[in-house]
Amino acid sequence: TAYEIYQCDWSSDVCSSDLIVLIALGSFFLVLINSMTGVKNIENIYFEVAQNYGASRLKFFTKVLLPGSLPMIFAGLRLALGLSLTITIAIEFISANEGLGALIWLSWETLKTEKVYGGVIVIATLGLLFSTFLQSIEKKLIPWKEELKN
């Protein structure tokens, strides 16, 4: 439930709500900056055509701004995805008693290298799965991006 997200387990030094806030702050600016760059990279001719045809604000947003900036928005989302995974593991390294980061850190301290490598492989696999999932969504939402590559 939503209440459980905001509860803090005091045996661990990390609250899930703190982790969510750190990930959100770190990811927000990556997506925001990439979105702004995507809008700035749209050629002026598209703005002029929409204005000349009398496009409403909604049409202007859905037909010009959003499609023109989606490639950069997804670039920001991919960066944010990697950063959020890194932040999660780093915070678990520092102050968690459970999770992949804590497992890797404890295994490193006790010289259990097989668990360290196992944790790293799991993290790499998670990153690959998340990235593949995001790329499949991107291919469905931005089919013209593949046409531009060819």
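That block above? That's the structure.
These lines cover the structure that appears in this document, whether it is placed above or below. (Residues numbered from 1 in each chain as written. Predicted model: local features only at pLDDT ≥ 70, side-chain atom pairs only at ≥ 80, totals over all residues. Heavy atoms only, no water.)

### Focus on the packing of helix 4 (residues 57-95) against helix 6 (residues 113-141)
Alright, step 1. Following both chains from N to C, one finds helix 4 and helix 6 inclined at 165°, their axes separated by 11 Å at the closest point. Considered as vectors, helix 4 and helix 6 are oriented roughly antiparallel to each other. Here the hand of the crossing between helix 4 and helix 6 comes out right-handed. Where helix 4 abuts helix 6, its residues Leu-70, Pro-71, Phe-74, Leu-77, Arg-78, Leu-81, Leu-85 and Ile-89 lie against Ile-123, Gly-127, Phe-130, Ser-131, Leu-134, Gln-135, Ile-137, Glu-138 and Leu-141.
Alright, step 2. Counted by class, the contact of helix 4 with helix 6 contains twelve nonpolar, three polar and two charged residues. (Axes fitted to C-alpha atoms, helices over the stretch in contact; angles between N-to-C directions. Helix = DSSP H or I, 4+ residues; strand = E, 2+ residues; numbered from the N terminus. Parallel < 35°, antiparallel > 145°, perpendicular 65-115°, else oblique. Left-handed = near helix turned anticlockwise from the far one by under 90°. Contact = heavy atoms within 4.5 Å. Nonpolar A, V, L, I, M, F, W, Y, C, P; charged D, E, K, R; others polar.)

### Re the side chain of Ser-84
Alright, step 1. Within the secondary structure layout, Ser-84 lies in helix 4.
Alright, step 2. In contact with Ser-84, other than residues within four places in its own chain, are Ile-23 and Ser-27.

### Some points on unusual backbone geometry
Alright, step 1. Its identity is not glycine, yet Leu-111 carries a phi of approximately 60°, on the positive side.
Alright, step 2. In this fold, Leu-111 is placed in the loop between helix 5 (100-109) and helix 6.
Alright, step 3. Taking the relative accessible area as the measure of exposure, Leu-111 reaches 73% and is therefore exposed. (Buried < 20%, exposed > 50% of the residue type's maximum accessible area, 1.4 Å probe, protein only.)

### Quick notes on the packing of aromatic side chains
Alright, step 1. Under the defined criterion, the tally for this structure stands at four aromatic pairs.
Alright, step 2. Residues Phe-28 and Phe-29 carry aromatic rings whose centres are separated by 5.1 Å and whose planes lie at 75° to one another, so their mutual orientation is edge-to-face.
Alright, step 3. Of the residues examined, Phe-29 reaches a relative accessible area of 44% and is grouped as partly exposed.
Alright, step 4. Both rings, one in Phe-47 and one in Phe-60, keep their centres 5.6 Å apart while their planes meet at 40°; by these two values the pair is tilted. On the criterion of sequence distance, the pair formed by Phe-47 in helix 3 (residues 44-52) and Phe-60 in helix 4 is long-range, its members being 13 residues apart.
Alright, step 5. What makes Phe-60 partly exposed here is its relative accessible area of 23%.
Alright, step 6. Through pairs of rings, three or more aromatic residues link up here, namely Phe-93, Trp-105 and Trp-108. (Phe/Tyr/Trp six-rings, centres within 6.5 Å; stacked < 30°, edge-to-face > 60°.)

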